[in-house]
Amino acid sequence: MLPVADMPGTPPHGPAAPAATNVISMPGKAFAPRDLAVLIGQPVTWRNDDTSTHDILSRSGGIESGFLGPGASYVFTPSVGGVFPYICTIHPQMQGRLRVYGLALEAAAAPRLPGRPTVLSGVAPAAGDEVVLTRLEAGVWVPDARIRAGGGGRFTFAVLPATPSTYRAEVGDRVSDGVAVRVVPRVTLRVRRGAKVVLEATATPSRAGARVRLERYVRERFTWVPVRAGRLDERSRVTFAVRTTVRQRLRVRVLASRGYADGRSAPVVVRPR
Amino acid sequence: MARVLLLFGLFVLAAPASAGAAVREYWVGAVPTTWNVIPNGHDPMTHTVFPAAERIAHTVLYRRFTRGWRSQFRNDREVSGDNDGIPGPLLRARVGDTILVHFRNFDPARSHSMHFHGVSYAEASDGSYVPGFSGPGGNVRPGKTFTYRLQAGPNAAGVWSYHDHSPSMHASISGGLYGALSILGRREQRPDREFVVVFSSLMGHQTINGRAYLGNTPVFHAKVGEVVQWDVLAIGEEHHTFHVHGHRWVGPEGGVDVRTLGPAESFRVRWREDAPGAWLYHCHVEGHMGHGMIGLYRVSR
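Please read these numbers as outputs of a predicted model, since none were measured by experiment.

Chemist: Quick one: what's the story with the overall build of chain B, residue by residue and with numbers?
Modeler: Within chain B, the secondary structure is distributed over four helices and 22 strands. Along the longest, intermediate and shortest principal axes, the C-alpha atoms of chain B span 80 × 50 × 35 Å. Going through the 301 residues of chain B one by one, you find that 45% of them count as buried. Of all intrachain contacts in chain B linking residues separated by at least 6 positions in sequence, the fraction that spans at least 24 positions is 72%.

Chemist: Pulling in residues and values, what's your account of the overall build of chain A?
Modeler: Counting secondary structure elements, chain A contains zero helices and 24 strands. The globule rule puts the C-alpha radius of gyration for 273 residues at 19 Å, and the 24 Å found for chain A is more than 25% above it. Taken over the C-alpha atoms alone, chain A extends approximately 75 × 45 × 30 Å along its principal axes. In chain A, the proportion of contacts linking residues at least 24 apart, taken out of those at least 6 apart, comes to 57%.

Chemist: Break down unusual backbone geometry for me, citing the residues and quoting the values.
Modeler: Residue proline 205 of chain A is reached from threonine 204 of chain A by a cis peptide bond, and omega for that bond is -5°. You can see proline 205 of chain A is positioned in the loop between strand E18 (197–204) and strand E19 (211–218). Omega for the bond connecting isoleucine 86 of chain B with proline 87 of chain B falls within 30 degrees of zero, at -5°, which places this linkage in the cis form. Looking at the secondary structure, you find proline 87 of chain B in the loop between helix H2 (77–80) and strand E6 (91–94).

Chemist: Help me get a handle on the domain arrangement of chain A, residues and values and all.
Modeler: Size of an interface, as often reported, equals the accessible area lost when the parts are brought together. Residues and elements named next belong to chain A. The domain architecture assigned to chain A consists of domain 1 (19–101), domain 2 (105–181) and domain 3 (186–270). Computed over C-alpha atoms only, the centres of domain 1 and domain 2 are separated by 28 Å. Taken together, the four residues of domain 1 in the interface contact six residues of domain 2.

Chemist: Explain the nonpolar core to me, using residue names and the numbers behind them.
Modeler: Soluble, globular proteins show a tendency: their nonpolar side chains are buried together. Residue and element names in this part refer to chain B. In this structure, Val101, Phe116, Ala180, Leu181, Val197 and Val198 are the most contacted members of the largest nonpolar core, which totals 69 residues. It is strand E12 (residues 193–202) that contributes the most residues to this core, six residues altogether. When sequence neighbours within four positions are dropped, the list of residues in contact with leucine 181 reads Leu91, Phe116, Gly118, Val119, Val159, Trp160 and Tyr162.

Chemist: Residues and numbers for the pairing of E19 of chain A, please.
Modeler: Residues and elements named next belong to chain A. By the bridge criterion, eight bridges tie E19 to strand E20 (residues 223–231) in an arrangement that is antiparallel. Residue pairing across strands places valine 212 opposite glycine 230, the latter belonging to E20. In textbook terms, the turn of a hairpin is the stretch between consecutive antiparallel strands, and for E19 and E20 this stretch comprises four residues, one of which, phenylalanine 222, has a positive phi near 55°. Of the pairings in the sheet, the one linking E19 to strand E22 (residues 248–254) comprises five bridges and is antiparallel in character. Bridging across to E22, valine 212 finds its partner in valine 254.

Chemist: Now, about the sheet that holds strand E20 (residues 266–272) of chain B: what can you tell me, with residues and values included?
Modeler: All names here are of chain B. As summarised here, the arrangement of the four strands in space is E13-E12-E15-E20, forming an open sheet in which the pairing is mixed. Bordering the open sheet on either side are strand E13 (205–208) and E20, each of which pairs with just one other strand. Across the sheet, the mean angle separating the axes of adjacent strands is 20° when strand polarity is ignored. One ladder, built from seven bridges, connects strand E15 (residues 227–234) with E20; its direction is antiparallel. Counterpart to tryptophan 230 in the pairing with E20 is valine 269.

Chemist: Let's hear about the interface of chain B and chain A: which residues, and what values?
Modeler: With seven residues of chain B at the contact, the number on the chain A side is four residues. A breakdown of the residues in the side of chain B that touches chain A according to their chemical character gives four nonpolar, two polar and one charged.

Chemist: An account of the sheet that holds strand E19 (residues 258–261) of chain B is requested, with residue identities and associated values reported.
Modeler: Residue and element names in this part refer to chain B. Reading across from one edge, E14-E22-E21-E16-E19 is the order of the five strands in this open sheet, with mixed pairing throughout. Among the strands making up the open sheet, the edge pair consists of strand E14 (219–223) and E19. Pairwise comparison of adjacent strand axes, ignoring direction, gives a mean angle of 20° for this sheet. Across three bridges, strand E16 (residues 240–244) lies against strand E21 (residues 277–283) in antiparallel orientation.

Chemist: Describe the confidence of the model for chain A, listing the residues and the values that go with them.
Modeler: Residues of chain A with pLDDT of at least 70 account for 92%, and the chain-wide mean is 88. The low-confidence segment residues 1–19 of chain A, where pLDDT is below 50, has 53 contacts with residues more than four positions distant or belonging to other chains.

Chemist: Tell me what's going on with the confidence of the model for chain B, and back it up with residues and numbers.
Modeler: Predicted confidence across chain B gives a mean pLDDT of 92, with 94% of residues reaching 70 or more. Taken together, the chains of this predicted complex give a pTM of 0.76 and an interface ipTM of 0.80.

Chemist: Run through the environment of alanine 210 of chain A, naming residues and quoting values.
Modeler: All names here are of chain A. Its location among the elements puts alanine 210 in the loop between E18 and E19. Judged by the 20 C-beta atoms lying within 10 Å of it, alanine 210 falls in the buried class. Residues alanine 210 and glycine 71, 139 residues apart in the sequence, show an inter-C-alpha distance of 56 Å. If sequence neighbours within four positions are ignored, alanine 210 has contacts with Ala203, Arg231, Leu232, Val254, Leu255 and Ser257.

Chemist: Any details on the environment of proline 136 of chain B? Residues and values, ideally.
Modeler: Position of proline 136 of chain B relative to the elements: it lies in the loop between strand E8 (115–116) and strand E9 (145–151). When the C-alpha positions of proline 136 of chain B and serine 113 of chain B are compared, they lie 8.9 Å apart, and in sequence the two are 23 residues distant.

Chemist: If you had to explain the environment of proline 191 of chain B to someone new, which residues and values would you point to?
Modeler: Residue and element names in this part refer to chain B. Looking at the element boundaries, proline 191 is found in the loop between strand E11 (178–184) and E12. Residues proline 191 and arginine 270 lie 79 residues apart in sequence; the distance between their C-alpha atoms is 8.0 Å. Each residue touching proline 191, except ones within four places of it in the same chain, is listed here: Val227, Val228, Gln229 and Arg270.

Calculation notes
Residues numbered from 1 in each chain as written. Chains lettered and ligands numbered in written order. Predicted model: local features only at pLDDT ≥ 70, side-chain atom pairs only at ≥ 80, totals over all residues. Helix = DSSP H or I, 4+ residues; strand = E, 2+ residues; numbered from the N terminus. Buried ≥ 20, exposed ≤ 12 C-beta atoms within 10 Å, placed from the backbone. Contact = placed C-beta atoms within 7 Å. Rg over C-alpha atoms; globule rule 2.2 N^0.38 Å. Domains from an automatic or database assignment. Core = buried A, V, L, I, M, F, W, Y, C linked by C-beta atoms within 7 Å. Pairing = 2+ DSSP bridges. Axes fitted to C-alpha atoms, helices over the stretch in contact; angles between N-to-C directions. Nonpolar A, V, L, I, M, F, W, Y, C, P; charged D, E, K, R; others polar. pLDDT = per-residue confidence, 0-100.

Right, here's the structure in full:
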């Protein structure tokens, strides 16, 4: 677990936005940004930058602007948390979503490589608030790290749990939603040449029982194609015997399940003898 | 004797004018389908990855069936890549043939139809919806069937499009409800390979046979020495310029290697293959090529 001090001037990876910039523009027949996360009490401004009239209406949450001509704005300050999809009723293909949190916490894009931390970013009500990151362990939320929110209430944590974990942030009595952080297993692939050529794959941490795919790179498809299926044994290992009549570029993928993300080995090339 | 000659003469006149003309029958359905525009999930040129929401469409496509719509089978793997739905089944005939297309609408929500280019038909088989004029053929309701009777006349040799022309045609065509007819001259030799290429768009991507980006678009194969035929069509809103690397063909003004086509235009090009290699084929409108309208053509020795 690596607590990282907030970096002022660097926006968090997630779409959660600091209070000053909660503006949604309509530059044409679309909302930009389409998806915005704010905190309870933070005003959101929709601004019509298009040359057509638009409006904003949500089925729940009370967002109802009436017609907005070009250049007009509408301000809405949420008082309850929730997820509120909205549309322009004049152009129903214009769709957006407002997410309102008591306290926001989000995972940035999940890491694809093993050993890389996941960045959790969020927004607290005010700069200087003390944010406690807690992790769920055997049904109990256990403090994991602490940080002071930076400008606009923003904060980030970088986490690298050994096993799949759920985190949440706490500021006073405000509590964020839980965020699940997946673990990417490391998959190593060895080639054993004997009477047959055998590929042996091992996953760490142990993923005993997980489903596995042997994939081959198909040049004209510019992609990896599954060719064989298998399962990791109790030692988190699997073997595949492969043909040696043609040159093949192969790799092994351990499929995601139970809080673990897909893990992929580096490719190997098996050449004809 | 005169009577015998008269009867013989009448018999000759009554026989079909085109000896060897056939009646070809096809069973086609408009079927709700989930279609993946980018099955590999990425563009290998730019390494852009596309999330599922940007590439998976719930749409209605023409699919081929056995007689009486008993069972569905693959549209035409050999000619349209492994695409099984866009374009719809390739309908083949020769000049002089009668073509019966039995159509059934499997979409529970909307009417559909089939309107054919290039062939002759009576008004009842026009397949387009004209309020006050058209009959059931232009507006085949959910669950209903209609048989289109078409004739491949003397000017029908070539490749032509067919598509929905019912009240829902705008949404249907942008969802992939189109296909091709390939008609040979009476005595024209079939090519060794036939490749169908339909330029259109779907979910904001520029598509070839409903797919976008290298690896997802059809990969065509041929051998040196084979006669290959490209059936090229465009459907939708835009003009496209068809180009194949490493090859050129003869047009009205001499050599050509890029040819324009607009919506519903089509043409076929043939050559005897002489250039081994892995060649790109694509629309040369730069923005279209960058948004998916590019594929691979492999020629082996």
